[in-house]
Amino acid sequence: MLYNNGQTMTLKAPGGHRVKVRLEVNAKARRLIIRLDERRREAVAIAPSQRQMEAAVAFAAERVDWISSRLQHLPEIVRFEEGAVFNYRGEPCQITGEGEGRLAKLLPGAPKLLHVPGDPETIHMRVERFLKKQARADLTRAAKRHAETLGVEYKGISVKDTRSRWGSCTSDGQLSFSWRLIMAPPEILNYVAAHECAHLLEMNHSNRFWTLVAKCCPDWKRQRSWLRVHGAELQAAGE
C-alpha cells in the first residue's frame, strides 16, 4: 500500500479505542520514531525516507497500545475564553472580559486576572497576543543574560508556536522559542534560554555543551525533567 507524507490514518487499539497516527518523512531522522502531538491529540510516525513509510506504519501498529494509553492520559484542553484558568509564569490566572480599558492587562488577585476587553469571539486571539508579547520580553532578558555569561552574541530572537521543540538555535545565531514557555514557572523559561544560548558555542549535546548550560543554569536537570513531565500541559492550553 502506498502511504503519503502528511497522511493521517486510524489504528485500532486493544479494547476498541481508536487512535490517529500522522505519517511524516524527516530526512534528518536516523531511525523510525513515534512521538505524540499533544495539541492535535494524535501520534506521529516518522520515517527517514519515503521508502520506509510502510515500515513506519507497521512500527506504529506494533505500539498502538502504548500510543492509546499515552493519548488517553493527556491533560484536558484549556481554551482561552471567558472564565478559563490557565498558568501564567507558573501561577493560576483567570481570563475575564470585565473591567475598564482597551488593552489586555494583568490584575492582582487569587488567582490573578487577565483582563481582555473586546469581542468574546476573538478573546483567544488577544490572550495569545498578550502571552506572546510577555514571552518575548522574558526570553529576551534571559537570553541577553546568558549570552553575556557565555561571552557570545546572538543575531535575533523569534517567538513561535512550535509543537516538538521548546527552543532552537541556527548556525548563524538566530534563537527561536515557544511562546508557551511563559505559562511555565520562570526557572523553566530561564533553562530553555540557557540551553539555546549554549548552542551558540556548541551545536550538539556533548559534555562540553551541558557544562555551558550548567554555567548559566546550575539546576538544569531539574528544569529539563519538569518540561518532560509537564510539557503536555503547556501544549494543551489555548487550543
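Shown above is the structure to which this text applies.
Report on the accompanying structure.

**Description of the layout of surface pockets**
- Here the largest pocket is characterised by a volume of approximately 1,800 Å³.
- Mapped onto the lining of the largest pocket, the elements with two or more residues apiece are β3 (33–37), α2 (64–72), β10 (167–169), α4 (186–198) and α6 (220–235).

**As for the environment of cysteine 169**
- Of note, cysteine 169 is situated in strand β10.
- With a relative accessible area of 12%, cysteine 169 lands in the buried category.

**Comments concerning the pairing of strand β4 (residues 42–47)**
- Of all six residues in β4, six are buried; the element is thus mostly enclosed.
- Here strand β2 (residues 18–25) pairs with β4 via five bridges, running parallel. Along β4, the bridge assignment pairs glutamate 24 with isoleucine 46.
- Alignment of β3 against β4, held across five bridges, turns out to be antiparallel. The residue of β4 that forms the bridge with isoleucine 34 is alanine 45.
- Counted between consecutive antiparallel strands, the loop separating β3 from β4 contains four residues, among which arginine 41 sits at a positive phi close to 60°.

**Observations regarding the sheet that holds strand β1 (residues 8–12)**
- The strand order across the open sheet formed by four strands is β1-β2-β4-β3, and the pairing between neighbours is mixed. The open sheet terminates on both sides in strands that have one partner only, identified here as β1 and β3. Averaged over all adjacent pairs, the angle separating strand axes in this sheet is 35°, with direction ignored.
- Bridging between β1 and β2 involves five bridges; their strand directions are antiparallel. For methionine 9, the partnering residue across the bridge sits in β2 and is valine 21.
- Its contacts with the sheet place helix α1 (residues 53–62) against β1, β2, β3 and β4, and it is angled at close to 150° to β2.
- α2 contacts β1, β2, β3 and β4 of the sheet and is inclined by roughly 20° relative to β3.

**Section: the nonpolar core**
- Among the nonpolar cores identified, the biggest contains 48 residues, and Phe80, Phe86 and Leu131 are the most heavily contacted of them.
- Mapped by element, the contributors of at least two residues to this core are β5 (85–88), β6 (91–96), α3 (123–150), β9 (156–160), β11 (174–178), α4, α5 (207–216) and α6.
- Counting residues per element, this core draws most heavily on α3, at 10 residues.
- Every residue in contact with phenylalanine 80, bar those within four places of it in the chain, is listed here: Phe86, Ile95, Ile123, His124, Val127, Glu128, Leu131, Trp179, Met183, Ala237 and Gly238.

**Observations regarding α1**
- All of the buried residues along α1 are Met53, Ala56, Val57, Phe59 and Ala60. Relative to the axis of α1, the buried residues are bounded by an arc of 160° and lie together on one face.
- Buried residues along α1 sit in contact with β1, β2, β3, β4 and α2.

Reading the values: rules and limits
Residues numbered from 1 in each chain as written. Predicted model: local features only at pLDDT ≥ 70, side-chain atom pairs only at ≥ 80, totals over all residues. Heavy atoms only, no water. 1 Å grid on protein atoms, 1.4 Å probe; cavity = no way out; pocket = protein on both sides within 12 Å on 5 of 7 lines; lining within 4 Å. Points joined across faces, edges and corners; volume = space filled by probe spheres on them. Helix = DSSP H or I, 4+ residues; strand = E, 2+ residues; numbered from the N terminus. Buried < 20%, exposed > 50% of the residue type's maximum accessible area, 1.4 Å probe, protein only. Pairing = 2+ DSSP bridges. Axes fitted to C-alpha atoms, helices over the stretch in contact; angles between N-to-C directions. Contact = heavy atoms within 4.5 Å. Core = buried A, V, L, I, M, F, W, Y, C linked by side-chain atoms within 4.5 Å. Arc of directions from axis to C-beta.

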